[in-house]
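Each chain, written out:
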Amino acid sequence: MLSIDQLATAVSRLAGGELSARVVGDGQRTIAGVATLEQAGAEHLSFLANPRYRRLAAVTRAGALVLAEADRAALFPGGSEASVLIVCESAYAWFAFAAQALAPQAAPAPGCAPSAVVHPGAQVDPSSSIGPMAVVEEGACIGPAAQVLAGCYVGRQVRIGESTRLNPGVRIYHGCRIGARCILHSGCVIGADGFGFAPFRGQWVKIPQTGAVLIGDDVEIGAGSTIDRGAIGDTVIEDGVKIDNLVQIGHNCRIGAHSAIAGCVGIAGSATIGRRCQLGGASMIQGHITIADDSIIAGATAITRDIRQAGFYTGIFPFMLNRQWERNAALLRHLDELRERLRRLEASVAAHGTDAKRTESDR
Amino acid sequence: MLSIDQLATAVSRLAGGELSARVVGDGQRTIAGVATLEQAGAEHLSFLANPRYRRLAAVTRAGALVLAEADRAALFPGGSEASVLIVCESAYAWFAFAAQALAPQAAPAPGCAPSAVVHPGAQVDPSSSIGPMAVVEEGACIGPAAQVLAGCYVGRQVRIGESTRLNPGVRIYHGCRIGARCILHSGCVIGADGFGFAPFRGQWVKIPQTGAVLIGDDVEIGAGSTIDRGAIGDTVIEDGVKIDNLVQIGHNCRIGAHSAIAGCVGIAGSATIGRRCQLGGASMIQGHITIADDSIIAGATAITRDIRQAGFYTGIFPFMLNRQWERNAALLRHLDELRERLRRLEASVAAHGTDAKRTESDR
Amino acid sequence: MLSIDQLATAVSRLAGGELSARVVGDGQRTIAGVATLEQAGAEHLSFLANPRYRRLAAVTRAGALVLAEADRAALFPGGSEASVLIVCESAYAWFAFAAQALAPQAAPAPGCAPSAVVHPGAQVDPSSSIGPMAVVEEGACIGPAAQVLAGCYVGRQVRIGESTRLNPGVRIYHGCRIGARCILHSGCVIGADGFGFAPFRGQWVKIPQTGAVLIGDDVEIGAGSTIDRGAIGDTVIEDGVKIDNLVQIGHNCRIGAHSAIAGCVGIAGSATIGRRCQLGGASMIQGHITIADDSIIAGATAITRDIRQAGFYTGIFPFMLNRQWERNAALLRHLDELRERLRRLEASVAAHGTDAKRTESDR
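Parameters at a glance
Residues numbered from 1 in each chain as written. Chains lettered and ligands numbered in written order. Predicted model: local features only at pLDDT ≥ 70, side-chain atom pairs only at ≥ 80, totals over all residues. Heavy atoms only, no water. Helix = DSSP H or I, 4+ residues; strand = E, 2+ residues; numbered from the N terminus. Contact = heavy atoms within 4.5 Å. Areas by Shrake-Rupley, 256 points an atom, 1.4 Å probe, with all protein chains shown as cover. Lys, Arg positive; Asp, Glu negative; His and termini not counted. Charge placed at Lys NZ, Arg CZ, Asp CG, Glu CD. Buried < 20%, exposed > 50% of the residue type's maximum accessible area, 1.4 Å probe, protein only. Pairing = 2+ DSSP bridges. Buried area = accessible area lost by both parts, 1.4 Å probe. Salt bridge = Lys/Arg side-chain N within 4 Å of Asp/Glu carboxyl O. Polar contact = N/O pair within 3.5 Å; in protein donor to acceptor, adjacent residues only side chain to side chain. Nonpolar A, V, L, I, M, F, W, Y, C, P; charged D, E, K, R; others polar. 1 Å grid on protein atoms, 1.4 Å probe; cavity = no way out; pocket = protein on both sides within 12 Å on 5 of 7 lines; lining within 4 Å. Points joined across faces, edges and corners; volume = space filled by probe spheres on them.

1. Observations concerning the overall build of chain A
Within chain A one finds six helices and 40 strands. Along the first, second and third principal axes, the C-alpha set of chain A runs to 100 × 75 × 35 Å. Pairs at least 24 residues apart make up 21% of the contacts formed inside chain A by residues separated by at least 6 positions. Summed over all atoms, the accessible surface of chain A reaches about 14,300 Å², with 49% contributed by carbon and sulfur. For chain A, the separation between the mean place of its 33 positive charges and that of its 33 negative charges on side chains is 6 Å.

Set out below in structure tokens:
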């Protein structure tokens, strides 16, 4: 429970003083949590970030509502009776910080669960928590206030930064480094061997994967995602990268700072993704290519060569009724023939047209 | 080992009395298990569900064979010497229930393994089993005859329904609810944070994910699949939904009852899938869209907008030899130009035709 | 640390005596590890396998450099001052074996961690290692020098072959068999139930999955990958198959020896992949189809019917700027109409041509 004024102070602090807002109404009203426009009551904070939902905002019963000045002016020129208005140009970000301030803090008590197995040669900060069934190997280093929850595995020489949280069942192979304030979700695997084999007489010879995975600060990695260690040299995830569930990142990739990667994306080895890129769900990035900073890739799109210029790129086969698809898809195998027929026809018509003209002028 | 008559009784019970069959031959013959048409012997039950396999059914040595009346009439008008025939219009369903009746029951003994860590504030039904290395947190509730197998993690306030089975290494975050008779396979993760961030000055601000995951009864979830908790409000999987391996379901999705989702599917946040839908393997559903009840989506198809009417939808780029693809694929970037050239040509020919006509009438 | 001569001996032994090389320079120079051409110093071995990188090889400071005769002749006709040259036609394979010889051996000590739970009815070879929190069930058999690392689960009657390594958190359901010298990475799940259900009155009836998974020798399986047990009969992965991360293989598939499957691939049930096939990342193989030996499938390609002849197959929608895609993609739904318009136009022009001719001859 925080008053709106307390919330505003908390948001400002979380945003590094860079996010100001104007409160219209009673700043002493208390807020217990967040809710959608439809479901919010007097104890809730809600938000309007997209003018499309103005209709819902007009009738919300939320105790407090964050919105931009233009939305306020359109909806509540004289203020709102139901809601205290928090007017902020980055309404969604303000809401996000406020939701953080309101979220219950569920950090486990510091210390090591009796069932955990921590190698005596590991360095575990006394302010960190090691959960039941967790295993921490020799030479690992667990930073202040870090959480290594139930059943996690932290390999030899792994470093876990301050306040980083490994949710239950995260596994980190030897030698990898995770920065500060990261969140890794259950089932993700950091530092498994990259997929590297040399062909030899019809078989595959394993190339030992001698690099590691280096993960910056403020990175989030979703459930079940896998990031492979480098073959020679490291796989690098820069600061602030956000990775959703079931994402695969191959050996020796580099993901630029503050990029966001949605679920089911696959990035093959040695790809370099720029900063602030956004990769849509189930997109696929071929190996050894480079994607420019600030590129946006649509979901389900395969990127098969370098992107040198930021832009919004798409490559999705449109869906249709199956019988319509049956009629159309097979033609894709013969587009070149269609074009060739068109060319011949153009030539023929052009020739004929010339003839026709000549005929006319002849007459 | 069950006699065919005993099997028929068991199937009828499992099917709620709604699945009758006619036995042609000796109902006292005993059956030990199921097998394919080719591999079955006298102790096996096999089935013919697709007329395409009649040829194999005609020569099977199965002790018992489930099939539809039309197949029986075609293959064994006078009965079969080798096989007792079980004639049923839903032959495949009859077979499925019979296989259930014949399958060995491997439920572990009730009780809690010594190595498990169960919080004293959890409610664990005495008829349930908690396997080695499992962790059950405060406030969790494990229902009658439920199985929480080796290395599972059950978070705070999670509810596990009657007779539900969590295979080794399932992880369920706090506050999620799983219904009765569900089966969750190893490595699946229920209730990890949804992928929700607000952009702010080139970085991403985390939006706390305050909802949960609610899973109905009789749901099966495959190995390694991930279902995220809601941002605000819950992610909902209705009764009878079947989900294959490595499926990702984003925050605030709702999957309608009795839908089936094949492997490698990704469903982005806030999508609503209707009832009895079938999503083919590796299909992808964009966020915030709605798919009508009874829709069928082909594998590898991306659904990028609402489907308002049930149907069979496909969007697959057909595969071809790479050199053929090289010739054709690039033309896709210029289909609009091809169409434009075609239009101009049509106009030109039409004009010429008119000229020609006029010329004729002039003459 | 090995001298180049020692390395050559080790490579020859690892390659079964089938890989010879010629050393140009001082065979007594010692090598500590491998590095890229750019980063290598005097203590490193590097390699040139692709003539594209000759420029880098020309200036590398690597202590030893493996390369083919043609590259040597082009770059170092008189030998190299910086590097000892190892001339070998299979330079990449030679490098791979050498990297194996140089890689530190990190096998854990034999024996069973105190926290592991091994059923008294399991057979565990005394030379194998069972890590902390691992669970080995009744009737399981762990072969000589096998490693079952932290938190792994080995079900009833599972067999793990000699020198096979299960990295932390691998889970193997009852009855599956893993051959010798395999490497399974964290989070992979072997033998979960296949996705088999019979439709019955709008619901799904589970078909018990009574088969197992049989995995040959020298197989590698990536992090988070899932291989389902057979419905009736087994799922089979033949010798030498290499599987990357987050790959899903459905029930009753057979993957031919020495095939390589990149990340995020989905293979639906009962598919048969030939020997020495290569499946690109995020490709998708439909169920019940057969792919010929030595086939190569591009990444992100959906294979929807049998491939009877080896070849390189592709089916990728090319990516483009989104606005270009908007113009072009919708036309795919009407390719058949475009073709029909083209046909009519061809007919019209042909007819007109005839008319024209007739007109001319009339004159």
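2. Quick look at unusual backbone geometry
A positive phi angle, close to 55°, is found at Leu 246 of chain A, a residue other than glycine. A positive phi angle, near 55°, is found at Arg 181 of chain B, a position not held by glycine. With respect to the element layout, Arg 181 of chain B can be found in the loop between strand 19 (177-178) and strand 20 (183-184). Take Arg 181 of chain B: its relative accessible area is 46%, and that puts it in the partly exposed class.

3. A few points about the sheet that holds strand 14 (residues 147-148) of chain B
The sheet built from 12 strands is open, its strands ordered 40(A)-39(B)-37(B)-34(B)-31(B)-28(B)-25(B)-20(B)-17(B)-14(B)-11(B)-8(B) with mixed pairing. Edge positions in the sheet fall to strand 40 (320-321) of chain A together with strand 8 (111-112) of chain B, since each has one partner strand and no second. As paired elements, strand 8 of chain B and strand 11 (residues 129-130) of chain B share two bridges and run parallel to each other. Note that in strand 11 of chain B the partner of Gly 111 of chain B across the bridge is Ser 129 of chain B.

4. Concerning the interface of chain B and chain A
On the chain A side, the residues contacting the 68 residues of chain B number 72 residues. Across the chain B to chain A interface the summed buried area is about 5,900 Å²; carbon plus sulfur atoms make up 69%. Looking only at chain B, the three residues that lose the most surface to chain A are Phe 195, Trp 204 and Ile 232 of chain B, adding up to 12% of its buried area. At the junction of chain B and chain A, the tally comes to four salt bridges. Taking the shortest distance from any N to any O, the salt bridge between Arg 341 of chain B and Glu 346 of chain A comes out at 2.9 Å. The tally of links from chain B across to chain A stands at 20 residue pairs in polar contact (both at pLDDT 80 or more). Sorting the residues of the side of chain B that touches chain A by element identifies strand 21 (189-192), strand 22 (197-200), strand 23 (203-206), strand 26 (226-228), strand 38 (302-303), strand 39 (312-314), helix 5 (322-329) and helix 6 (335-362) of chain B as the ones contributing at least two each. In terms of residue count, helix 6 of chain B provides more of the side of chain B that touches chain A than any other element does, nine residues in total. In terms of residue class, the side of chain B that touches chain A is built from 40 nonpolar, 18 polar and 10 charged.

5. What about the sheet that holds strand 20 (residues 183-184) of chain A?
Taken in spatial order, the 12 strands make up an open sheet running 8(A)-11(A)-14(A)-17(A)-20(A)-25(A)-28(A)-31(A)-34(A)-37(A)-39(A)-40(C), and their pairing is mixed. Among the strands making up the open sheet, the edge pair consists of strand 8 (111-112) of chain A together with strand 40 (320-321) of chain C. Pairing between strand 34 (residues 278-279) of chain A and strand 37 (residues 296-297) of chain A: two bridges, direction parallel. In the strand pairing of strand 37 of chain A, Leu 279 of chain A is matched with Ile 297 of chain A.

6. Thoughts on the environment of Ile 289 of chain B
Residue and element names in this part refer to chain B. Within the element layout of this structure, Ile 289 appears in the loop between strand 35 (284-285) and strand 36 (290-291). According to the relative accessible area criterion, Ile 289 is buried, its value standing at 5%. Spatially, the C-alpha atom of Ile 289 lies 18 Å from that of Glu 238, the residues being 51 residues apart in sequence. Leaving out residues up to four positions away in the same chain, Ile 289 has contacts with Ser 270, Ala 271, Thr 272, Ile 303, Thr 304, Arg 305 and Asp 306.

7. Structural notes on empty space enclosed by the protein
Inspection of every chain in the model, using the stated rule, returns seven cavities of 30 Å³ or more. Of the pockets and cavities examined, the largest cavity occupies roughly 680 Å³. Taken together, 39 residues make up the lining of the largest cavity; nearest its centre are Ala 282 and Ala 300 of chain A, Ala 282 of chain B together with Ala 282 and Ala 300 of chain C. A breakdown of the residues in the lining of the largest cavity according to their chemical character gives 27 nonpolar, 12 polar and no charged. As a volume, the second largest cavity reaches approximately 200 Å³. As for the second largest cavity, its lining consists of 22 residues, of which Gly 151 and Arg 171 of chain A, Arg 171 of chain B together with Gly 151 and Arg 171 of chain C are closest to the centre. Of the residues contributing to the lining of the second largest cavity, the split by class is 16 nonpolar, three polar and three charged.

It is worth stressing that arrangement in space is one thing and function is another; only the former is reported here.
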